[in-house]
Amino acid sequence: MTPSLRPSLVNGRFGDPAVFIEVAHERAAILLDCGDLSALSARDLLRVRAVCVSHMHIDHLIGFDALLRVNVGRDAVIDLIGPVGVTGCIGAKLAGYSWDLVDRYATELVFVVHEVIAAGRVAATRFRFSRGFAPEPERERSGEAILATTHWRLRTAVLAHHGPCLGFLVEEPIHINIWRNRVEAAGLAIGPWLKPLKEAVRAGSPDDTLIALPDGGTAPLAELRALVSVERGQKIGYATDVADTPANRAAIVGLCRDADLLFIEASFSAADAERAAARAHLTTTAAGEIARACGARRVEPFHFSPRYDGGEQMLLDEVSAAFAN
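Residues numbered from 1 in each chain as written. Predicted model: local features only at pLDDT ≥ 70, side-chain atom pairs only at ≥ 80, totals over all residues. Heavy atoms only, no water.

Visitor: Run through the overall build of the protein, naming residues and quoting values.
Guide: Along the backbone of the protein there are 11 helices and 19 strands. Its C-alpha atoms give the protein a radius of gyration of 22 Å, near enough to 20 Å, the size a compact globule of 325 residues would have. Each of the three principal axes of the protein carries a C-alpha extent, and together these read 65 × 60 × 35 Å. The buried share among the 325 residues of the protein stands at 49%. Counting only contacts in the protein whose residues sit at least 6 apart along the sequence, the fraction spanning at least 24 positions is 61%. Accessible surface, the protein: about 14,600 Å² in total, of which carbon and sulfur atoms supply 52%. Counting 34 positive and 40 negative side-chain charges, the protein places the centres of these two groups 3 Å from one another. (Helix = DSSP H or I, 4+ residues; strand = E, 2+ residues; numbered from the N terminus. Rg over C-alpha atoms; globule rule 2.2 N^0.38 Å. Buried < 20%, exposed > 50% of the residue type's maximum accessible area, 1.4 Å probe, protein only. Contact = heavy atoms within 4.5 Å. Areas by Shrake-Rupley, 256 points an atom, 1.4 Å probe, with all protein chains shown as cover. Lys, Arg positive; Asp, Glu negative; His and termini not counted. Charge placed at Lys NZ, Arg CZ, Asp CG, Glu CD.)

Visitor: I'd like to hear about the sheet that holds strand 10 (residues 145-148), residue by residue, with values.
Guide: As summarised here, the arrangement of the six strands in space is 10-11-12-17-18-19, forming an open sheet in which the pairing is mixed. One side of each edge strand has no neighbouring strand; the edge strands of this open sheet are strand 10 and strand 19 (299-302). Looking at each pair of strands side by side, their axes are set apart by 20 degrees on average, direction ignored. Most of the contacts of helix 10 (residues 284-294) go to strand 18 (residues 261-265), to which it runs at about 155 degrees, and overall it touches strand 18 and strand 19. (Pairing = 2+ DSSP bridges. Axes fitted to C-alpha atoms, helices over the stretch in contact; angles between N-to-C directions.)

Visitor: Mind laying out the packing of aromatic side chains, listing which residues take part and the relevant values?
Guide: One pass over the structure, following the stated rule, counts 12 aromatic pairs. With a centroid separation of 5.2 Å and 85 degrees between ring planes, the pair formed by Y105 and F129 is classed as edge-to-face. Here F129 lies in the loop between strand 7 (121-128) and strand 8 (135-137) and Y105 lies in the loop between helix 4 (86-95) and strand 6 (109-118), a separation of 24 residues in the sequence. By relative accessible area, F129 is classed as buried at 2%. Here the aromatic residues F64, Y97, W99, Y105, F111, F129 and F133 are joined through ring pairs into a cluster of three or more. R182 extends its terminal NZ or CZ atom over the ring of W179, reaching a point 4.6 Å from the ring centre. A cation over an aromatic ring shows up here: R307 above the ring of Y308, its NZ or CZ 5.7 Å from the ring centre. (Phe/Tyr/Trp six-rings, centres within 6.5 Å; stacked < 30°, edge-to-face > 60°. Lys NZ or Arg CZ within 6 Å of the ring centre and 35° of its normal.)

Visitor: Describe in detail helix 10, supporting the description with residues and values.
Guide: Here helix 10 has its buried residues at T284, A286, A287, G288, I290, A291 and C294. Those residues of helix 10 that are buried lie in contact with helix 8 (246-256), strand 18, strand 19 and helix 11 (312-324). Where helix 10 terminates, the next one or two residues include G295, which has phi positive at roughly 75 degrees.

Visitor: Report on helix 6 (residues 194-203), specifying residues and quantitative values.
Guide: Regarding helix 6, the residues found buried are L194, L197, K198, A200, V201 and R202. The elements touched by buried residues of helix 6 are strand 13 (174-178), helix 5 (180-185), strand 14 (210-212), helix 7 (221-224) and strand 16 (228-232). One or two positions beyond helix 6, positive phi appears at G204, with a value near 70 degrees.

Visitor: Kindly report on the pattern of salt bridges, identifying the contributing residues and their values.
Guide: Applying the stated criterion across every chain yields a total of 18 salt bridges. With its nearest N and O atoms 2.9 Å apart, the salt bridge here joins E300 to R13. Taken together, the positions of E300 in strand 19 and R13 in the loop between strand 1 (5-9) and strand 2 (19-23) put the pair 287 residues apart, joining distant regions of the chain. Grouping residues by exposure puts E300 and R13 together as buried. (Salt bridge = Lys/Arg side-chain N within 4 Å of Asp/Glu carboxyl O.)

Visitor: An account of the packing of helix 3 (residues 64-71) against helix 4 is needed here, citing residue identities and associated values.
Guide: Contact geometry of helix 3 with helix 4 gives a least axis separation of 12 Å together with a crossing angle of 55 degrees. When the axis of helix 3 is compared with that of helix 4, the two are oblique. With respect to the hand of their crossing, helix 3 and helix 4 are arranged in right-handed fashion. Of the residues in helix 4, those in contact with F64, D65 and L68 of helix 3 are I90, K93 and L94. Its residues assigned to classes, the contact of helix 3 with helix 4 comprises four nonpolar, no polar and two charged. (Parallel < 35°, antiparallel > 145°, perpendicular 65-115°, else oblique. Left-handed = near helix turned anticlockwise from the far one by under 90°. Nonpolar A, V, L, I, M, F, W, Y, C, P; charged D, E, K, R; others polar.)

Visitor: Now, about the nonpolar core: what can you tell me, with residues and values included?
Guide: V51, F64, F111 and F133 are the most contacted members of the largest nonpolar core, which has 31 residues in total. For this core, the elements supplying multiple residues, two or more each, are strand 3 (28-32), strand 4 (48-52), helix 3, strand 5 (76-83), helix 4 and strand 6. When residues in this core are grouped by element, the largest group, four residues, is from helix 3. Contact partners of F111, with chain neighbours within four places excluded, come to F64, L68, I78, L94, T125, R126, F127 and F133. Grouped together as the second largest cluster of nonpolar side chains are 28 residues, V253, A276, Y308 and L315 included. (Core = buried A, V, L, I, M, F, W, Y, C linked by side-chain atoms within 4.5 Å.)

Shown next as structure tokens:
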């Protein structure tokens with residue numbers, strides 16, 4: 001299966017938390033946390049359409065200004081999701097600049113901030129460039145998915161750190177795979193015509209839907225279904241800055257069950273469990289145990305404390321041991 005969601009740690013395992021997820025079929029990207037973004041190019045930042053902020057500590061949100069700066073003067077709608085208090089935080093950041101020249105621009109940059117009040121409850125506020133980013137509250141809504149597009153959806157869980165902190169799951173509703181050998185056996189060429197085919201299958205279009213072929217003809221969807229297979233979509237989980245409590249473990253497992261990839265903090269070595277508890281962070285052992293309880297296929301530990309500089313392999317080995325047991 002060629003992955004549609006392509007995640008990478010922006011700052012490695014010791015740097016500010018930020019995971020950049022490329023969405024292949026939308027030419028878009030999702031950010032899980034918004035720490036230092038200087039490693040990303042302007043082109044990368046311009047692809048970002050959703051920013052998921054676990055909580056508002058500086059190492060998780062300092063990159064917002066870089067995202068704002070590169071988008072000023074461009075047409076874009078960027079969704080930002082965070083815990084209670086995130087709307088006031090983003091509003092204050094935007095209010096920290098003078099926007100007296102906005103009437104000179106023909107473009108509209110919009111941030112829609114989704115504040116997760118509790119499980120299934122979200123309050124959205126719109127901030128528009130043309131209005132100097134004055135807050136425009138919208139009606140509170142409910143639902144399991146915070147955001148959803150044709151190719152991915154986002155779910156959250158409210159966890160506990162020193163205050164509320166969100167965990168995230170980005171998942172494909174389904175994954176559609178093109179079988180090259182079947183396409184060629186049917187005497188057809190691989191090419192852009194396959195995208196409408198995939199979208200018709202994704203949308204559940206009726207069998208008599210006509211699909212344009214590369215030779216200029218058409219064929220009903222029913223005759224082309226054998227060229228594709230429908231599989232379970234990818235699941236990418238993310239949890240960081242959480243205390244090791246039974247409630248947090250249960251919430252992470254409930255959110256990230258059967259994740260293909262779980263990004264999870266492992267800030268402290270197992271030998272420093274008391275220090276981890278005092279700071280409401282996970283140890284390597286806890287991270288591995290939670291990933292195993294989730295049934296994750298792969299675990300990516302990160303947010304290592306700088307006190308272990310030079311000891312990355314030790315921490316990885318501790319997570320792997322707990323994950324495997």
